[in-house]
There are 2 protein chains.
Amino acid sequence: MKKELPAAQLDAWRRYYVSFWRISAAIEADLVAAGLPSLSWYDALYQLYRAPERRLRMSDLARGALLSRSGLTRLVDKLEAEKLIERRTCPEDGRGQHAQLTDKGVECLRRIWPVYRAGIAKYFGAQMNDAEAKQLATVFRRIVAVLDPGMDEAKE
Amino acid sequence: MKKELPAAQLDAWRRYYVSFWRISAAIEADLVAAGLPSLSWYDALYQLYRAPERRLRMSDLARGALLSRSGLTRLVDKLEAEKLIERRTCPEDGRGQHAQLTDKGVECLRRIWPVYRAGIAKYFGAQMNDAEAKQLATVFRRIVAVLDPGMDEAKE
DNA sequence: AAGCGATAGTTGCATCTGCAAGTAAAATCC
DNA sequence: GGATTTTACTTGCAGATGCAACTATCGCTT
């Protein structure tokens, strides 16, 4: 395997890697301090919020929420226990389940978002100007498009 | 809490967040496929590799390796069981332990790095030119400097 | 130098996560 | 149309991780 990684890319990678863990930890800490659920709950609820009729098949939700299917099953168990979503057997496929966001789930999203948004602004956004933000988005869009071709269309 | 997050920053954040999980998963999968240990092992070993005399106090290593102290204790247990590091009681502080990288640990790093480097190049670096890489590094440096003031000096 | 609060590291327990195996239903094959 | 393969989700189990409690030591105070 030949040397194939320019120094600027390696440098960018190391800082990207560390910054991600630091920001995640800081935001999670803010959520805990506010008595709110973690980002993984938000991710799942938000996927449903954006989906047509606020529901998704379990597998689709797992993909969007960055979890394995088994991980999602457990998460959905907890969300359902809190009445934030409901499981509904899929009418056109007896094997499948829909996760359906409830009104309480929407309300939960609305409680999380201000804290999450403030964290993004404080730990991430505050360190860049508008041009830099657009630049970052451009590069990350390319990365996501390569690693998860189906994701892009689903997100916008 | 007022609306305080420009759309460009939110967009950058969402793609940053997803891209990080996708890249991490892809690299971890490559490491597993190559029969190599995970990134968390690499992180810890690499911290030691860069440290003076290839050793660090447990707490310092935990900070650099992005782990809690308890998490580090478990990780060090495993690394020591594999003879990649050694625990040594700290001469100037009887409470403290040094984690000391062994030759076998260095060799392990050298086996991981080609796969890791290829993953960084393929999933991350390939999607940006040199100017973009520098731009990203600049922004992430600011983020890390804010969230972890001590880190920057330690890294360069 | 004895006491006391602070610090370094470890361990118990609970949580999260994934892989692989299991169950159920659909799709395909013959 | 009955059997086999595939797909969708769930569950058993094992690994990773963090918080809080614990032990041991340090360093400051008096």
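Residues numbered from 1 in each chain as written. Chains lettered and ligands numbered in written order. Predicted model: local features only at pLDDT ≥ 70, side-chain atom pairs only at ≥ 80, totals over all residues. Heavy atoms only, no water.

Asker: Quick question: what am I supposed to make of the relation of the copies chain B and chain A here?
Answerer: One copy of the chain maps onto the other through a rotation about an axis followed by a shift along the same axis. Overlaying chain B with chain A gives an RMSD of 0.0 Å, the required rotation being 180° about an axis along which the chain moves by 0.0 Å. The two molecules are tied by a two-fold rotation axis, judged by turn and shift. For chain B, the smallest separation between a C-alpha atom and the rotation axis is recorded for L136 of chain B, amounting to 3.5 Å. The share of interface residues of chain B whose copies in chain A are also at the interface is 100%, consistent with both copies meeting through the same surface. (Least-squares fit on C-alpha atoms with pLDDT ≥ 70 in both. Contact = heavy atoms within 4.5 Å.)

Asker: Any chance you could explain the protein's contact with DNA strand C here in plain terms?
Answerer: Contacts to DNA strand C come from 20 residues, most closely from S68 and G94 of chain A together with S59, T73 and R87 of chain B. Counting only the atoms of DNA strand C that lie within 4 Å of the protein, the sugar and phosphate share comes to 57%. In the environment of DNA strand C, a phosphate oxygen lies 3.3 Å from a nitrogen or oxygen atom belonging to the side chain of R57 of chain B. Elements supplying a minimum of two residues to the surface near DNA strand C: helix 4 (69-81) of chain A together with helix 3 (58-64) and helix 4 (69-81) of chain B. Classifying every residue of the surface near DNA strand C gives two nonpolar, nine polar and nine charged. (Near = heavy atom within 4 Å. Polar contact = N/O pair within 3.5 Å; in protein donor to acceptor, adjacent residues only side chain to side chain. Helix = DSSP H or I, 4+ residues; strand = E, 2+ residues; numbered from the N terminus. Nonpolar A, V, L, I, M, F, W, Y, C, P; charged D, E, K, R; others polar.)

Asker: What's the story with the protein's contact with DNA strand D in this structure? I'm lost.
Answerer: Around DNA strand D sit 20 residues, and of these S59, T73 and R87 of chain A together with S68 and R95 of chain B come closest. Sugar plus phosphate, as a fraction of atoms of DNA strand D within 4 Å of the protein: 56%. In this structure, a phosphate oxygen belonging to DNA strand D sits 3.3 Å away from a main-chain N or O atom of M58 of chain A. Here a base oxygen of DNA strand D and a side-chain polar atom of R95 of chain A are 2.9 Å apart. Of all the elements in the fold, those that place two or more residues in the surface near DNA strand D are helix 3 (58-64) and helix 4 of chain A together with helix 4 of chain B. Of the residues belonging to the surface near DNA strand D, the class tally is two nonpolar, nine polar and nine charged.

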